[in-house]
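Below, each chain spelled out in residue letters.
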Amino acid sequence: MGQPVPDFTKEGLLPPGDYKATFGELRESILVEGPGPESVWSEEWDAEWREHLTRQAETMCTQLWQVGIEDIYLDGSFTEAKAHPNDIDGYFECDARRVATGELQRKLNQIDPKKCWTWDPEERRAYRGYAKKQLPILCLPH
């Protein structure tokens, strides 16, 4: 679909830039499968956990696409040579009025069986394995 996800730099980061990938391509990339066995980054690489995070991200992205959100970016420690990142950070672009009026949250919760879309800081909860409180959408069950 786009240029493939490249190898990590010597600092354990992806080179600067945006990389377009389908979820199938993401699963086959260094971000899930990990670097080759000769890499300094391959020790204790948790591909199973990274696949789990990818499934969660795919669920979220699919719902966002269903309500017309097209530009979605995944980043954070998931895009670094960290063997076991806590989560996948991300953001999307949309008209701010959709968020401010609650329209986007309503539409997402209409299609989400768990109705867990919210941006209300009061809804943040402590979850095992996370140092800081998370919004419910970020803590889908394993």
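Scroll up a little and you will see the structure.
Let me begin by describing the structure that accompanies this report. (Residues numbered from 1 in each chain as written. Predicted model: local features only at pLDDT ≥ 70, side-chain atom pairs only at ≥ 80, totals over all residues. Heavy atoms only, no water.)

## A closer look at helix α5 (residues 103-111)
Quick reminder: α-helices carry 3.6 residues per turn. Residues three or four places apart thus point the same way.
So, point 1. Among all positions of α5, only Leu104, Leu108 and Asn109 are buried. For α5, the arc enclosing every buried residue in end-on projection is 125°, short of the 170-degree limit, so these residues lie on one face.
So, point 2. Those residues of α5 that are buried lie in contact with α3 (47-66), β2 (89-92) and α4 (96-100). (Buried < 20%, exposed > 50% of the residue type's maximum accessible area, 1.4 Å probe, protein only. Helix = DSSP H or I, 4+ residues; strand = E, 2+ residues; numbered from the N terminus. Arc of directions from axis to C-beta. Contact = heavy atoms within 4.5 Å.)

## A look at unusual backbone geometry
So, point 1. With a phi angle near 50°, Lys115 is a residue other than glycine that sits in the positive phi range.
So, point 2. As for its placement among the helices and strands, Lys115 is situated in the segment after α5.
So, point 3. Taking the relative accessible area as the measure of exposure, Lys115 reaches 51% and is therefore exposed.

## Quick look at the pattern of salt bridges
So, point 1. Under the criterion given, the structure shown has 5 salt bridges.
So, point 2. Here Glu51 and Arg27 are joined by a salt bridge, their closest N and O atoms 2.9 Å apart. Note that Glu51 is positioned in helix α3 and Arg27 in helix α1 (residues 23-27), a separation of 24 residues in sequence.
So, point 3. Between Arg55 and Glu51 there is a salt bridge, with the nearest N and O atoms lying 3.6 Å from each other. One end of the pair is Arg55 and the other is Glu51, both in helix α3 and 4 residues apart, which spans about a single turn.
So, point 4. Taking the relative accessible area as the measure of exposure, Arg55 reaches 42% and is therefore partly exposed.
So, point 5. Via salt bridges that share partners, Arg27, Glu51, Arg55 and Glu58 belong to a single interconnected network. (Salt bridge = Lys/Arg side-chain N within 4 Å of Asp/Glu carboxyl O.)

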